[in-house]
Amino acid sequence: VLVRRIGAGGMGEVFEAERADGQYEGRAAVKLLKRGMDSAAVLQRFALERQALARLNHPHIAHLLDAGATADGLPYFVLEYVDGQPIDRAVSGWPLAERLRCFLQLADAVAHAHRNLLVHRDLKPGNVLVDRQGQVKLLDFGIAKALDPMETSLLDGGATTLAGQRPFTPNYASPEQVRGEPVTTASDLYSLGVLLYQLLTGTRPTGRHATTPAEAARSVLEEEPTRPSRLSAADSQDPDWLSTRKQLEGDLDNILLKTLEKDPARRYATVDALRADVQAYLDGYPVSARAASRAYLFAKDRKSTRLNSSHSQQS
C-alpha cells in the first residue's frame, strides 16, 4: 500500500509503501513511472534502471525487492526503503576522518557498479543517502550506462541521450558529460571528486556562484578547481574551516585535484585506486597522488609507525 510520495524525477515518482497482507510489518520504496511518460524511449530507460539494479548486490546500494506493472500498465519496481539524509547534510560537522570513511562506503558501492559494467552517471548528494547508523546507500540508476558492448544495444539502444537531451546534473557532471562525449567510468570518478570536495569543504570545486544550469555546466569546462586548502572561510560552509583546511593541505589537496582533472586520462585509473589513496591517507601512508620525495616518504613512515603503535596500545 502506498503511504506517501517521497520523491520525483524526470521519469517517475517514488512512494513510501507498507506491506499490506498482515504477514509482517515492512517498509519499502516504490518507484512508479509517471503517467504520460510511457513513450518507447522512457519505457526503455525505466527498464534499464530495473535491470541495472537487478545486477547489483552490495550493502551500500539500495537493493531491488520486486518489480511489475500496475493494472493500467504502468511499470514499477520496489526498492529497499532508506530512512536517511543526503550525504552532504548527513556528514556536516563530522570529524574529517569520519567524513572520509563515509565517502569510502560510497566509493566501494560505485566500484561494485563498475565491476558489473555499469556507470552511474548521476552521482550527487540527493542520490547518496546516509541512514541513522551512518551507513551509505546509493540510489537512482535511472540514467546508468551499460559498459558491456554485448548488452548496450539491449539496455540502452547505444544512445547517451533521452528526449534529445544529455542526461546529467550540471553541478556534478564531468567535462566529457557536458560536452556530450562518450561516458566511461572516468566520468563517475570526476563526480566522486566533486562529492568528496563538497564533503570536506562544504562547497563545490567549480560553479560556486553559478545561478543557472548553463552557467554551472560552463564552469565545469572553464573553471579550474580551487585547491581545497586555499579556500577562504567565506567560500567554505564549514564552521570550523580554519582548522579543517590545515588537514586538507598536502595529500588531500592532491587526491582531490587528481580526481577532478578535466582530462579523464589524468584522473585515477579506477575508483579502487582513489579508494586506496583515501585509505592510505587515513592510515598515515604515502598516497600516489603526490610525488614520492625522500623527505615525504620518511615523514609518512614516521606517522604510520606512530599510528600503528597507538592502535597496538589501545588494543
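Every residue gets a number counted from 1 within its own chain, in the order that chain's sequence is written. Local features in a predicted model are, by the rule used here, given only for residues with pLDDT of at least 70; side-chain atom pairs are given and counted only at 80 or more, and totals for whole chains, interfaces and linings are based on all residues. Here the side-chain values reflect all heavy atoms present in the structure, with hydrogen atoms and water set aside.

## Section: the overall build of the chain
Moving on, step 1. Secondary structure elements are taken from DSSP: a helix is a run of H or I of four residues or more, a strand is a run of E of two residues or more, and numbering for both begins at the N terminus. Check the secondary structure of the chain and you find eleven helices and ten strands.
Moving on, step 2. Every one of the 315 residues in the chain was classed for burial, and the buried ones make up 47%.
Moving on, step 3. A contact between two residues is defined here by any heavy atoms of the two lying within 4.5 Å. In the chain, the proportion of contacts linking residues at least 24 apart, taken out of those at least 6 apart, comes to 61%.
Moving on, step 4. Here the chain has roughly 15,500 Å² of accessible surface; of this, 49% comes from carbon and sulfur atoms. Three labels apply to residues, based on accessible area from a 1.4 Å probe with only protein chains included: buried if under 20% of the type maximum, exposed if over 50%, partly exposed otherwise in between. Each accessible area is a Shrake-Rupley estimate made with a 1.4 Å probe; only the visible protein chains count as cover when residues are assessed.

## Quick look at the sheet that holds strand β2 (residues 12-18)
The strands that make up a sheet are held in pairs by hydrogen bonds between backbone atoms, and each pair lies either parallel or antiparallel.
Moving on, step 1. Two strands are said to pair when DSSP picks up at least two bridges between them. One open sheet holds the five strands; their spatial order is β1-β2-β3-β5-β4, and the pairing between them is antiparallel. With one partner strand each, in any of the chains shown, β1 (2-8) and β4 (64-69) form the two edges of the open sheet. This sheet shows a mean twist of 25° between the axes of neighbouring strands, independent of strand direction.
Moving on, step 2. For β4 and strand β5 (residues 75-80), the ladder comprises five bridges, and the chain directions are antiparallel. The residue bridging D66 from the neighbouring strand is V78, located in β5.
Moving on, step 3. Lines fitted to the C-alpha atoms define the axes, with helices restricted to the stretch that makes contact. Angles between their N-to-C directions range from 0 to 180 degrees. Relative to the sheet, helix α1 (residues 40-54) contacts β3 (27-33), β4 and β5, its axis offset from that of β5 by approximately 30°.

## Section: the nonpolar core
Moving on, step 1. Among the nonpolar cores identified, the biggest contains 63 residues, and I87, L100, F103, L106, L138, I255 and V278 are the most heavily contacted of them.
Moving on, step 2. Sorting elements by how many residues they give to this core places helix α3 (residues 96-115) first, with eleven residues.
Moving on, step 3. Aside from chain neighbours lying at most four places away, what touches V278 is L100, F103, L104, L196 and I255. By nonpolar core we mean a set of buried residues, namely Ala, Val, Leu, Ile, Met, Phe, Trp, Tyr and Cys, connected to one another through side-chain atoms within 4.5 Å.

## Concerning helix α10 (residues 271-283)
Given 3.6 residues to a turn, an α-helix orients residues that are three or four positions apart in the same direction.
Moving on, step 1. In this model, α10 (13 residues) spans 18 Å end to end at C-alpha, consistent with the 18 Å of a helix rising 1.5 Å per residue.
Moving on, step 2. Every buried residue belonging to α10 is among V271, L274, D277, V278, A280, Y281 and L282, and all of these are buried.
Moving on, step 3. Immediately downstream of α10, the backbone of G284 shows phi near 85°, a positive value. Expected helix span is computed as 1.5 Å times (number of residues minus one).

## Brief notes about the pattern of salt bridges
Moving on, step 1. Salt bridge, as used here, is a side-chain nitrogen of Lys or Arg placed within 4 Å of a carboxyl oxygen of Asp or Glu. As enumerated under the stated definition, the model contains 17 salt bridges in all.
Moving on, step 2. Here D122 ties to K124 by a salt bridge, and the two come within 3.6 Å at their closest N and O atoms.
Moving on, step 3. Among the residues examined, D122 registers a relative accessible area of 11% and is labelled buried.
Moving on, step 4. The partner of R266 in a salt bridge is E261, with the nearest N and O atoms 3.4 Å apart.
Moving on, step 5. What makes E261 partly exposed here is its relative accessible area of 24%.
Moving on, step 6. Among the charged side chains, a network of salt bridges with common partners joins D108, R115, D272 and R275.

## A closer look at the sheet that holds strand β6 (residues 84-86)
Moving on, step 1. With respect to topology, three strands assemble into an open sheet ordered β6-β8-β9, the strand pairing being antiparallel. The sheet terminates laterally at β6 and β9 (136-138), the two strands that pair on one side only. Shown here is a sheet whose adjacent strand axes are inclined to one another by a mean of 35°, direction ignored.

## As for the environment of E49
Moving on, step 1. If you trace the backbone, E49 turns up in helix α1.
Moving on, step 2. Spatially, the C-alpha atoms of E49 and D140 are 7.8 Å apart, while their sequence positions differ by 91 residues.

## A look at the pairing of strand β8 (residues 128-131)
Moving on, step 1. Residues V128 and V130 of β8 are buried on one face, and the alternating residues L129 and D131, pointing to the opposite face, are buried as well.
Moving on, step 2. Sheet analysis places β6 next to β8, joined by three bridges and oriented antiparallel. If you follow Q85 over to β8, its bridge partner there is V130.
Moving on, step 3. Looking at chain direction, β8 and β9 are connected through three bridges and run antiparallel. Each residue of the ladder has a partner; that of L129, found in β9, is K137.
Moving on, step 4. A loop of four residues connects β8 with β9, the two strands running antiparallel in sequence, and G134 in this loop sits at a positive phi of about 80°.

## Some thoughts on the packing of helix α6 (residues 185-201) against helix α9 (residues 251-259)
Each pair of packed helices can be described by the angle between their axes along with the distance between the axes.
Moving on, step 1. In contact at an axis separation of 8 Å, α6 and α9 are set at 145° when each is read in the N-to-C sense. Both α6 and α9 take part in a crossing whose hand is left-handed. Contacts between α6 and α9 involve L189, Y190, G193, L196, Y197 and L200 on the former and, on the latter, L252, L256 and T259.
Moving on, step 2. Each residue is assigned to one of three groups, with Ala, Val, Leu, Ile, Met, Phe, Trp, Tyr, Cys and Pro labelled nonpolar, Asp, Glu, Lys and Arg labelled charged, and all others, Gly among them, labelled polar. Taken together, the residues of the contact of α6 with α9 break down into seven nonpolar, two polar and no charged. By convention the crossing between two helices is left-handed if the near helix lies anticlockwise of the far one by an angle smaller than a right angle, and right-handed if it lies clockwise.

## Structural notes on the side chain of N127
Moving on, step 1. Mapped onto the secondary structure, N127 falls in the loop between β7 (118-119) and β8.
Moving on, step 2. Excluding its chain neighbours within four sequence positions, the residues that come into contact with N127 are H120, D122, K137, L138, L139 and D140.

## What to know about the packing of aromatic side chains
Moving on, step 1. Aromatic pairing here means that ring centres of Phe, Tyr or Trp (its six-membered ring) are within 6.5 Å. Orientation follows from the plane angle: under 30 degrees is stacked, over 60 is edge-to-face, and everything else is tilted. Scanning the entire structure with this criterion turns up zero aromatic pairs.
Moving on, step 2. Put simply, a charge is over a ring when the Lys NZ or the Arg CZ is close to the ring centre, within 6 Å, and near the line of the ring normal, within 35 degrees. Geometry around Y268 places K258 over its ring, the cationic atom sitting 5.3 Å from the centre.

## Things to note about the confidence of the model for the chain
Caution is warranted with low-pLDDT regions, since their predicted coordinates should not be read in detail.
Moving on, step 1. pLDDT is defined as a per-residue confidence score from the predictor, taking values between 0 and 100. Mean pLDDT over the chain works out to 84, with 83% of the residues at or above the 70 mark.
Moving on, step 2. Counting contacts from residues 148-165, a segment whose pLDDT is below 50, to residues more than four positions away or on other chains yields 33 contacts.

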